[in-house]
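The chain contents come next:
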Amino acid sequence: EVDDQFAALLESLEAGGEGAQPVAPEGFRGELRPYQLRGYAWMAALTRWGFGVCLADDMGLGKTIQAIALLLQDRQSGEDRPSLVVCPTSLVGNWAREVARFAPSLKLNVHHGNRRSEGDTFVRESMGVDLVISTYGLVRRDLKDLRRVRWRHVIIDEAQNIKNPSTKQSQAVRRLRGDF
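(A) Representation of the packing of aromatic side chains in the model. Counted by the stated rule, this structure contains two aromatic pairs. Centroid distance Phe28 to Phe102: 5.5 Å. Interplanar angle 15 degrees. Geometry classified as stacked. Here the residue Phe28 occupies a position in the loop between helix 1 (4–14) and helix 2 (34–48), and Phe102 occupies one in helix 4 (residues 92–102), the gap between them amounting to 74 residues. Exposure remark for Phe28: the relative accessible area of 10% places this residue in the buried category. Judged by its relative accessible area of 8%, Phe102 is buried.

Here it is in structure tokens:
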């Protein structure tokens, strides 16, 4: 026996998913390819059901823009908490450019560099944006501040950076607080 919510999930899975052909969220600038639409719709559906997601498309197939579409859809559905992207330092600029290009309505804070905010200022600034972008190294160093925010999504880009569970970096990332 299952409760109503789980029964609805099982029915949805048996029917092959959410049904209608997925479309990019309103305000998304650009065109998602069919496989990107399916990836975005899959992430959105799993999020609605309360599951986390691992998107493991091959390199260059647009995982970043699929995640950006999910963040945009989340914001449009009334979610007001920020999300966090943790990525290698070399990808910080790429994330910022992709957000500006595909979802310019999303407010962004890059938490990087020696002028990054701390403490109450960091929390206040984070709560005033849709997305904070930071790096693996800074998660380890700034964990105390990063844990003060309950993130909507914690997006781990290039997750091979946390494959060794005994490293301080991996342990710090696992201590972040987020719904997904």
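Now that the structure is up, let's keep going.
(B) View of the pairing of strand 3 (residues 131–135). The buried fraction of strand 3 amounts to five of the five residues, a majority that puts the element mostly inside the structure. Residue alternation in strand 3 divides its side chains into two sets, Leu131, Ile133 and Thr135 and Val132 and Ser134, and both sets are buried. One ladder, built from five bridges, connects strand 1 (residues 83–87) with strand 3; its direction is parallel. Considered in strand 3, the bridge of Cys87 is made with Thr135. Here strand 2 (residues 108–110) pairs with strand 3 via three bridges, running parallel.

(C) Spatial organisation of unusual backbone geometry. Notably, Glu158 is not glycine yet its phi reads approximately 60 degrees, a positive angle. As for its position among the elements, Glu158 is in the loop between strand 4 (154–156) and helix 8 (168–174).

(D) Quick peek at the sheet that holds strand 1. Reading across the sheet, the four strands line up as 2-3-1-4 and stay open at both edges, with parallel pairing between neighbours. Two strands lie at the open edges of the sheet, namely strand 2 and strand 4, each paired on one side alone. Taken pair by pair, the neighbouring strands of this sheet meet at an average axis angle of 20 degrees, ignoring direction.

(E) Focus on the side chain of Ser170. With respect to the element layout, Ser170 can be found in helix 8. When residues no more than four places from it in sequence are discounted, the contact partners of Ser170 are Asn161, Ile162, Lys163, Asn164 and Pro165.

(F) Representation of helix 4. Listing the buried residues of helix 4 in full gives Val92, Trp95, Glu98, Val99 and Phe102. Angularly, the buried residues of helix 4 cover 135 degrees about the axis, an arc narrow enough to put them on a single face. Opposite the buried face of helix 4, by more than 90 degrees, sit the exposed residues Arg97 and Arg101. Looking at the packing, one finds that the buried side of helix 4 touches helix 3 (63–76), strand 1, strand 2, strand 3 and strand 4.

Conventions we followed
Residues numbered from 1 in each chain as written. Predicted model: local features only at pLDDT ≥ 70, side-chain atom pairs only at ≥ 80, totals over all residues. Heavy atoms only, no water. Phe/Tyr/Trp six-rings, centres within 6.5 Å; stacked < 30°, edge-to-face > 60°. Helix = DSSP H or I, 4+ residues; strand = E, 2+ residues; numbered from the N terminus. Buried < 20%, exposed > 50% of the residue type's maximum accessible area, 1.4 Å probe, protein only. Pairing = 2+ DSSP bridges. Axes fitted to C-alpha atoms, helices over the stretch in contact; angles between N-to-C directions. Contact = heavy atoms within 4.5 Å. Arc of directions from axis to C-beta.

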